[in-house]
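# Breakdown of the fold
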Amino acid sequence: MYTRNALVQRIVRYVVDGTSVSVVGQHWSGRTELLKHVNAALRGIGLATLQLRGIEHARPFEAFRLALPAVPHARRGESEGPADVTRVVAELLGEGPAAVLVDDIDRLDEASWVLLEQMHKSLGTPIIATAEARGGIDPEEKILIRRAEPVVKLTLDELPLDAVHDLLDARLGGQVSPSLSGRIHMKSGGLPGFAVAFADTGRRRGRIHRNGETWHDGTELWSDELEGAFESLIFRYPENVRESLELLVLAGPIPVAQAASLIGQEELEGLEGRGLVRLFRVGASPRVTVNPPGISDYFRHRPETVRSLRLREQLEERLGQEATFGLAEPPVLPRQFADVVAQSEVPFLARAFSDRFDADLVRSWEAWRAEPALRTGIRALELRLTGPADPEEVRAILAETPSSGGSVEEQLFFRYLHSRWLVTQEAPLAEIEAALHGDGDLGHPAAIEALILGLHAERDAIGSDALDRIEELAAMRGVDGQIAGLILIAMHALGGSSARALEEFERLDDSGWVARFASPLRGLALITAGQPQRALEWASAQLTIARERFDRSAIVADAYIAVMALLTMSRYADATAAGSLVASGRFQAANLPFGPDRALMNALALAARRSGRSGAVATLIDRGEGYRGRSDALPMGAAGFPAAMVTELEGSPEEIGAAYRALAEELRARGYTFSAAGSTILALLVDFDPEAAAAKRDRVAGMGSAVFLAYLDARLAHHAEDPIALVGAARRLQAEHANDSALKYFTAAVRLFREHGREDAAGEVREEIAALMASEDPATPSALSELESSLGFTQREREIIDLVAEGMNNPEIAAELSLSVRTVETHLRNIRRKSGALDRDEIGGFSGNR
């Protein structure tokens, strides 16, 4: 099915009503394809159509002559030609209902414009016209919205991920892996022409391959055949526009003020008007990136020239140390892990869930309209909290469903769902509490009190008084104790008492509210207890059940547990794969307490950043921002987390560390101990301070997180150049299945043993590395590529690495190499990006002199 079929039907309805339609879209946004489908639909209902195409620098009436081949070219004088054209057009359009379709109307010659306007005004013929979106339109320019009446303007938006997925399925004639559709969606910016170009060239050049019924991506999607596709866009504009785009590619996503400083405010606004840049927002800080993102691939694959060197120098001069590096996308191939989601199944599952959801929306609405009772209202309302739904339908269900007539448990659950809807609308706490209390006493005041305590824990803080009270409520029998027990588990897990959270599960029976909501909370408790492998295995089993039941919110919640477990083990590519089903579909978990929607998107953004796919970060953050009312309490779910993470794109280690530490302090003050600890660990890993790390070691150990403690000890041992302690920490990481990090630190230990002259010990560790890589659970290919990344260093970067290893600071390096200090800092940022090194000791570790 054509992905914009709904838009086609909308345009047909306008035309039938006699309204003209102006369709505006970017280059390769699918305007021509849309007109083709509109033409077929209009002919299908009996309308005569005349199809024109604007041609730049054409002679008069050329668009009409090509559309009407029976009209002869004027041979004896130009005066006869126009009369013939006008007569034939008038006869065609005057015979009955008709419409004129014009592709690229902004390129129509002047004479054709006059005739088109004449036919429209004299005969009332509606016009459907496309034009390329661009800024700076001349007030005197002839555009349809100024000439037709009545007229509506429609904008062709970029295709969402699932639409690109369907487009690629149809184009390639088979299922498409989420990794492939996700990368093409990201590179094409959702513009179908570019998405098809990536698919077609990828198939011809072997960049994508078919395994059974599914198409998979290779290590690199770019090929030189794609140059023409992007040059068809880029070379439509003058040299200054192309240079501005290249500068923005070199800079990466940067704040608007910096982008304006780099290329000028007027030029930046012009690029935005042409659709060549777009904004994405992190909190209150909008940033600029090129659009479609594949423009970055184009410039990065161009050979180095005198011009490109000049632009790099210009970037450093204008932005100095604030200049960022390009957003590279190194090859990352997901591997299987604990059977969380088989990647070959994701496209089918995404479509199946989407189709099931759409059908269930209709069925549940019809069932509720036929019988507006609590039972049907609960079904209809809960479903609408698991995906995009019509808010008017939700309001109708809430307003018209009788509050009595069902069991007490049904009445309580309906009030609970009402409260969750209000949470998504960011309603005041008083209004949400009023919804829980309802109109009458249900005989379960303790259950309602527990839900209100949980609500405050989600929104405000986890305090000692609230914990004491929820403990008392959890000791009660029946539904009151069940609900309070679930809230208690969440508060203990997020408040840093994971052992108590796991103990509480043993007390609860597996029925009622527990059966509905306990699964993700158990996984969360395992994560916070420092047991990521057990959490991953639990999430794997629960995801299998959720897929079978088409349980949309469980898919989100258990995918979040899997992603967090994999991130904890530094398995970033696997984390991306674990979240691919949710990222490919329209899932939500707004019906759950402590809903993880925003936290999952932030976690996937961090995985993308850590695996070198920085271009995907903005998309994931944007999607996370769209989930309103979600809790700050969950790890990576805090509203301030994206802003801290984005500092990694351009900040110094000190700035990045400061951002994460500030976030950690805020979370700790609110009682969100585990989330605070996670931000603290991120700060320590990026901006490593041995004294601060040693001081925080006891706090990390007290949390019972073996894997975090192993990370910390590995960093301390590496800083102290203690290979024995480093091997011990690496073994502990391997025991926790954090094998990418284990490989990294085993390799560092080999280097240290060799420096100490202990080749025998170095050989023993190399044997451990070989055993790790030969095991059923080896380190990922991306971890290997990081260790071999010296092959990707430029000559200048190798020189700087060697000087860092000698102990030189940045001013000394600048003097030695006759560079500016800012240039040295830029090179160091590139070295960190390529190597994964976090501090100067680790950078020096890549020196050939060691």
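What counts as what
- Residues numbered from 1 in each chain as written.
- Predicted model: local features only at pLDDT ≥ 70, side-chain atom pairs only at ≥ 80, totals over all residues.
- Heavy atoms only, no water.
- Helix = DSSP H or I, 4+ residues; strand = E, 2+ residues; numbered from the N terminus.
- Buried < 20%, exposed > 50% of the residue type's maximum accessible area, 1.4 Å probe, protein only.
- Contact = heavy atoms within 4.5 Å.
- Areas by Shrake-Rupley, 256 points an atom, 1.4 Å probe, with all protein chains shown as cover.
- Phe/Tyr/Trp six-rings, centres within 6.5 Å; stacked < 30°, edge-to-face > 60°.
- Pairing = 2+ DSSP bridges.
- Axes fitted to C-alpha atoms, helices over the stretch in contact; angles between N-to-C directions.
- Expected span 1.5 Å × (residues − 1).
- Core = buried A, V, L, I, M, F, W, Y, C linked by side-chain atoms within 4.5 Å.
- pLDDT = per-residue confidence, 0-100.
- Salt bridge = Lys/Arg side-chain N within 4 Å of Asp/Glu carboxyl O.

### What about the overall build of the protein?
Across its full length, the protein carries 44 helices and eleven strands. Relative to its 850 residues, the protein shows a buried fraction of 57%. In the protein, once contacts between residues fewer than 6 apart in sequence are set aside, the share between residues at least 24 apart is 71%. In the form shown here, the protein has an accessible surface area of approximately 34600 Å², with 51% of it arising from carbon and sulfur atoms.

### Comments concerning the packing of aromatic side chains
Evaluated as defined, the whole model comprises twelve aromatic pairs. Measuring from ring centre to ring centre gives 4.7 Å for phenylalanine 194 and phenylalanine 230, while their planes differ by 25°; the resulting arrangement is stacked. Here phenylalanine 194 is found in helix α9 (residues 192–204), whereas its partner phenylalanine 230 is found in helix α10 (residues 226–234), with 36 residues between them in sequence. Take phenylalanine 194 and phenylalanine 230: they sit in the same class, and that class is buried. Cluster of aromatic residues (ring-pair linked, three or more members): Trp28, Phe194, Phe198, Trp222 and Phe230.

### Regarding the sheet that holds strand β3 (residues 98–103)
If you trace the five strands from one edge of the open sheet to the other, you get β2-β3-β4-β1-β5, paired in parallel fashion. Edge positions in the sheet fall to β2 (48–53) and β5 (151–155), since each has one partner strand and no second. Each adjacent strand pair in this sheet contributes to an overall mean axis angle of 15°, direction not counted. Here helix α2 (residues 31–44) sits on the sheet and contacts β1 (20–25), β2, β3 and β4 (127–132); the angle it forms with β3, its principal contact strand, is near 170°.

### Some words on the sheet that holds strand β8 (residues 214–217)
Taken together, the three strands give an open sheet; going across it, the order is β6-β8-β7, and neighbouring strands pair in mixed fashion. With one partner strand each, in any of the chains shown, β6 (175–176) and β7 (208–211) form the two edges of the open sheet. In terms of strand pairing, β7 meets β8 through four bridges, oriented antiparallel. Within β8, the residue paired with asparagine 211 across the bridge is threonine 214.

### Considering the environment of alanine 644
Tracing the backbone shows alanine 644 in helix α32 (residues 641–646). Residue classification places alanine 644 among the buried positions, given a relative accessible area of 4%. Measuring from C-alpha to C-alpha, the distance between alanine 644 and alanine 683 comes to 9.9 Å, with 39 residues separating the pair along the chain. When sequence neighbours within four positions are dropped, the list of residues in contact with alanine 644 reads Ala659, Tyr660 and Leu663.

### What to know about the environment of alanine 484
Summarising the element assignment, alanine 484 is placed in helix α23 (residues 478–494). Along the chain, alanine 484 and arginine 469 lie 15 residues apart, while their C-alpha atoms are 9.5 Å from each other.

### Side note on α9
Spacing of three or four residues puts side chains on the same side of an α-helix, whose turn is 3.6 residues. Relative to the 18 Å expected for 13 residues at 1.5 Å per residue, α9 spans 18 Å between its end C-alpha atoms, a close match to the ideal helical length. In terms of burial, α9 is a largely internal element, ten of the 13 residues being buried.

### Focus on the environment of aspartate 358
In this fold, aspartate 358 is placed in helix α16 (residues 346–370). The sequence separation of aspartate 358 and glycine 387 amounts to 29 residues, and the corresponding C-alpha distance is 9.6 Å.

### Let's talk about the nonpolar core
Ranked by internal contacts, the top residues of the largest apolar core, which has 155 residues, are Ile470, Trp513, Leu567, Leu600, Phe641, Tyr660 and Leu733. The element that contributes the greatest number of residues to this core is helix α27 (residues 552–568), accounting for 13 residues. If sequence neighbours within four positions are ignored, tryptophan 513 has contacts with Leu412, Phe413, Tyr416, Leu451, Val479, Gln482, Ile483, Leu486 and Ala518. Ranked by size, the runner-up nonpolar core spans 50 residues in total, among them Leu180, Leu191, Leu271 and Val288.

### Points about the confidence of the model for the protein
Overall, the predicted model of the protein reaches an average pLDDT of 82, with 87% of residues at or above 70. Mean pLDDT in the protein bottoms out at helix α40 (residues 781–787), which sits at 57, and peaks at helix α17 (residues 374–384), which reaches 96. Below pLDDT 50 for its whole length, residues 71–80 participates in ten contacts with residues either more than four positions away or in separate chains.

### Comments concerning the pairing of β1
Among the six residues in β1, six count as buried, and that is most of the element. Alternating residues of β1 divide into Ser20, Ser22 and Val24 and Val21, Val23 and Gly25, and every residue in both groups is buried. In this sheet, β5 lies alongside β1 in parallel orientation, the contact comprising five bridges. Bridge pairing in β5 links valine 21 to valine 152. In the sheet, β1 pairs with β4 via five bridges, with the strands oriented parallel. Residue pairing across strands places valine 21 opposite isoleucine 128, the latter belonging to β4.

### Looking at the pattern of salt bridges
This structure, assessed with the given rule, holds 42 salt bridges. Between glutamate 666 and arginine 670 there is a salt bridge whose closest N-O contact spans 3.3 Å. Counted as one network, the salt bridges with shared partners bring together Glu239, Arg242, Glu243, Glu246, Arg307 and Arg310.

### With respect to the side chain of asparagine 39
Checked against the element boundaries, asparagine 39 lands in helix α2. What asparagine 39 contacts, discounting residues up to four positions off in sequence, is Thr49, Gln51 and Leu101.

### With respect to unusual backbone geometry
For the peptide bond that leads from glutamate 149 to proline 150, omega is -5°, which places it in the cis range. As for its placement among the helices and strands, proline 150 is situated in the loop between α6 (144–147) and β5. The residue after asparagine 291, namely proline 292, is reached through a cis peptide bond having omega 0°. The residue proline 292 is located in the loop between β11 (285–290) and α14 (294–300) in this model. The phi torsion at tryptophan 28 lies on the positive side, around 65°, for a residue other than glycine. One can find tryptophan 28 in the loop between β1 and α2. Non-glycine residue glutamate 426 carries a positive phi angle of around 55°. By secondary structure assignment, the location of glutamate 426 is in the loop between α19 (408–424) and α20 (429–437). Given the relative accessible area of 47%, glutamate 426 is considered partly exposed.

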